[in-house]
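# Structural overview for review
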Amino acid sequence: MVCLGNICRSPLAEGLMRSKLNFTKFTVDSAGTSGGHKGQAPDKRSIAIANKNGLDISNQKSRKLLEEDFKNFDFLYVMDQSNYNDVTALASTEEEKKKVIKILDEVFPGENLDVPDPYYGGSQGFENIYRMLDRATDVIAQKIDNRIE
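Report follows, based on the coordinates.

Rules of the game
- Residues numbered from 1 in each chain as written.
- Predicted model: local features only at pLDDT ≥ 70, side-chain atom pairs only at ≥ 80, totals over all residues.
- Heavy atoms only, no water.
- Core = buried A, V, L, I, M, F, W, Y, C linked by side-chain atoms within 4.5 Å.
- Buried < 20%, exposed > 50% of the residue type's maximum accessible area, 1.4 Å probe, protein only.
- Helix = DSSP H or I, 4+ residues; strand = E, 2+ residues; numbered from the N terminus.
- Contact = heavy atoms within 4.5 Å.
- Polar contact = N/O pair within 3.5 Å; in protein donor to acceptor, adjacent residues only side chain to side chain.
- Salt bridge = Lys/Arg side-chain N within 4 Å of Asp/Glu carboxyl O.

## Some points on the nonpolar core
Ranked by size, the top nonpolar core spans 26 residues in total, and within it Leu12, Ile103, Val115 and Leu133 carry the most contacts. Put simply, the parts of the chain that give this core at least two residues each are helix H1 (10-20), helix H2 (44-52) and helix H6 (122-148). Counting residues per element, this core draws most heavily on H6, at seven residues. In this structure Leu133 touches Arg9, Leu12, Ala13, Leu16, Met79, Ile103 and Val115, once residues within four positions along its chain are discounted. Formed by eight residues, the second largest nonpolar core is a distinct cluster that contains Ala31, Val78, Val87 and Ala91.

Written as structure tokens, this is what we have:
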């Protein structure tokens, strides 16, 4: 599973998914569609909100989405329509395109919602993003658990 976004949203989604899935059965990673933040740690505000909620995401490093991610992961969760468009454009086959899912579609099917950019909401924006992603990752983890039982 790869959570697509950037240095503010993806690390939160990755940290939440790692905390909710059995790490011996699943691999969770996050990546971006551009290499602009390659090797950088998550945004300090993302680290702070994760810490506040009992998650340590400080050791994550940003990386660019790779072609092999389509083969190595069953799901590629994206944060917004722009990510969705960028990632599906990189897919080689229809099967790979089907792996790409907007993360909030799991919680609000058919509503086509985006995870907002927290930079516009200040510290409350990061709190709001965390809550949205927490809710979405609860649903995703439950769906995955139900599939393997």
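Back to the write-up after that little detour.
## Comments concerning H2
All buried positions along H2 are accounted for by Ser46, Ile47, Ile49 and Ala50. Two or three places before Arg45, at the start of H2, stands the capping residue Asp43, its side-chain oxygen 2.7 Å from that residue's backbone nitrogen. A positive phi of about 80° marks Gly54, the residue just after H2.

## Details of the pattern of salt bridges
Evaluation of the coordinates by the stated rule reveals 13 salt bridges. A salt bridge links Asp69 to Arg63; its shortest N-O distance comes to 2.9 Å. For Asp69, a relative accessible area of 3% translates into the label buried. A salt bridge links Lys102 to Asp114; the nearest nitrogen and oxygen atoms lie 2.7 Å apart. Here Asp114 lies in the loop between strand E4 (100-102) and H6 and Lys102 lies in strand E4, a separation of twelve residues in the sequence. Overall, the relative accessible area of 35% leaves Asp114 in the partly exposed class. If you follow the salt bridges from partner to partner, you end up with Lys20, Asp134 and Asp138 in one network.

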